[in-house]
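Take a look at the letters that make up each chain.
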Amino acid sequence: AQTVTQSQPEMSVQEAETVTLSCTYDTSESDYYLFWYKQPPSRQMILVIRQEAYKQQNATENRFSVNFQKAAKSFSLKISDSQLGDAAMYFCAYRRSSLIIQGAQKLVFGQGTRLTINP
Amino acid sequence: GAVVSQHPSWVICKSGTSVKIECRSLDFQATTMFWYRQFPKQSLMLMATSNEGSKATYEQGVEKDKFLINHASLTLSTLTVTSAHPEDSSFYICSASRFVNPEGGANVLTFGAGSRLTVL
């Protein structure tokens, strides 16, 4: 079974600074997807960024970028120019690539990292 | 964009009663929906996978008779917590998946806003 581990329960960063959230995962599969989700106090899950394992290029979305190290099974999220609105729980998630196997679309989540932005 | 509506957002019930939570995909057809449970300050735990027109697939340790899931149409899945007890109090989140060509890009799941259940 696949597992996702976030070893940082809490992180804090000064506004406008850069912060990196760590995530490691374990899988025996070669093709899969990785995601970072944000859960603000409203508790609505918001997709921040996604990465296809077959792509070597790291995904970027404006101030958010990832460092995907497939061999090391590491998938960290970098937030540049941190803003107060970035404060939230961040979850790393894994999904199998196969859409044929029933239930393959389910996400396996890490434990989450609570990010605090200091003004 | 894709929107998933979850209702009610907050429900309080007495112990022993049953509560139904609805998850609707408003602008797309969802062949598969997922139900998660989240305790305070914890991660999302998958409870079951719901496929339209077939029985739900429950994760290990989740009581099928306690958490009844019905996916009667491509836009609606329901979770019924039967004979609720205080330990069932939690935040329940659904997510919906669109059918896409398997050769296409990642099938991104859309989440509902969640339902907070409090059992007295």
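My aim in this report is to walk through the structure given alongside it, one point at a time. What you see is a predicted model, and the numbers here were worked out from it, not measured in a lab.

Definitions and cut-offs
- Residues numbered from 1 in each chain as written.
- Chains lettered and ligands numbered in written order.
- Predicted model: local features only at pLDDT ≥ 70, side-chain atom pairs only at ≥ 80, totals over all residues.
- Heavy atoms only, no water.
- Contact = heavy atoms within 4.5 Å.
- Buried area = accessible area lost by both parts, 1.4 Å probe.
- Salt bridge = Lys/Arg side-chain N within 4 Å of Asp/Glu carboxyl O.
- Polar contact = N/O pair within 3.5 Å; in protein donor to acceptor, adjacent residues only side chain to side chain.
- Helix = DSSP H or I, 4+ residues; strand = E, 2+ residues; numbered from the N terminus.
- Nonpolar A, V, L, I, M, F, W, Y, C, P; charged D, E, K, R; others polar.
- Disulfide = S-S within 2.5 Å.
- Buried < 20%, exposed > 50% of the residue type's maximum accessible area, 1.4 Å probe, protein only.
- Pairing = 2+ DSSP bridges.
- Axes fitted to C-alpha atoms, helices over the stretch in contact; angles between N-to-C directions.

Details of the interface of chain B and chain A
Logical step 1: With 31 residues of chain B at the contact, the number on the chain A side is 22 residues.
Logical step 2: Both faces combined, the contact of chain B with chain A buries some 2100 Å², and carbon together with sulfur accounts for 53% of it.
Logical step 3: Linking chain B with chain A are one salt bridge.
Logical step 4: Residue Glu59 of chain B pairs with Lys106 of chain A through a salt bridge whose shortest N-O separation is 3.2 Å.
Logical step 5: At the boundary of chain B and chain A, one finds seven residue pairs in polar contact (both at pLDDT 80 or more).
Logical step 6: Residue assignment for the side of chain B that touches chain A shows that the elements contributing at least two residues are β4 (30-38), β5 (44-51) and β9 (90-98) of chain B.
Logical step 7: Across the side of chain B that touches chain A, the residue classes tally to 14 nonpolar, 13 polar and four charged.

Remarks on the state of the cysteines
Logical step 1: The full count for this structure, using the stated rule, is two disulfides over all chains.
Logical step 2: Disulfide pairing is shown between Cys23 of chain A and Cys92 of chain A; the S-S distance is 2.0 Å. Disulfide Cys23 of chain A-Cys92 of chain A: torsion about the S-S bond near -70 degrees, hence left-handed. On the criterion of sequence distance, the pair formed by Cys23 of chain A in the loop between β3 (19-21) and β4 (24-26) and Cys92 of chain A in strand β10 (residues 88-96) is long-range, its members being 69 residues apart.
Logical step 3: What makes Cys23 of chain A buried here is its relative accessible area of 1%.
Logical step 4: Since its relative accessible area comes to 0%, Cys92 of chain A is described here as buried.
Logical step 5: Residue pairing for Cys23 of chain B: its cysteine sulfur links by disulfide to Cys94 of chain B, the two sulfurs lying 2.0 Å apart. Between Cys23 of chain B and Cys94 of chain B, the S-S torsion sits near 80 degrees, and that sign places the bridge as right-handed. Taken together, the positions of Cys23 of chain B in strand β3 (residues 19-25) and Cys94 of chain B in strand β9 put the pair 71 residues apart, joining distant regions of the chain.

Quick look at the pattern of salt bridges
Residues and elements named next belong to chain A.
Logical step 1: If you walk through the whole model with that rule in mind, you get eight salt bridges over all chains.
Logical step 2: A salt bridge links Glu52 to Arg50; its shortest N-O distance comes to 3.9 Å.
Logical step 3: Residue Arg63 pairs with Asp86 through a salt bridge whose shortest N-O separation is 2.8 Å. You can see Arg63 sitting in the loop between β7 (60-61) and β8 (64-69) and its partner Asp86 sitting in the loop between β9 (74-79) and β10, a full 23 residues away along the chain.
Logical step 4: Note on Asp86: relative accessible area 3%, which makes it buried.
Logical step 5: Overlapping salt bridges bring together Arg50, Glu52 and Lys55 as one network.

A short note on the sheet that holds strand β7 (residues 67-73) of chain B
Residues and elements named next belong to chain B.
Logical step 1: With antiparallel pairing, the four strands of this open sheet are ordered in space as β1-β3-β8-β7. The open sheet terminates on both sides in strands that have one partner only, identified here as β1 (4-7) and β7. Adjacent strand axes in the sheet meet at a mean angle of 15 degrees when their direction is disregarded.

Things to note about the environment of Pro119 of chain A
All names here are of chain A.
Logical step 1: Considering the arrangement of structural elements, one finds Pro119 in the segment after β12 (113-118).
Logical step 2: What makes Pro119 exposed here is its relative accessible area of 75%.
Logical step 3: Residues Pro119 and Ile79, spaced 40 residues apart in sequence, show a C-alpha to C-alpha distance of 16 Å.
Logical step 4: With sequence-adjacent residues up to four places away left out, Pro119 is seen in contact with Gln14, Glu15 and Leu84.

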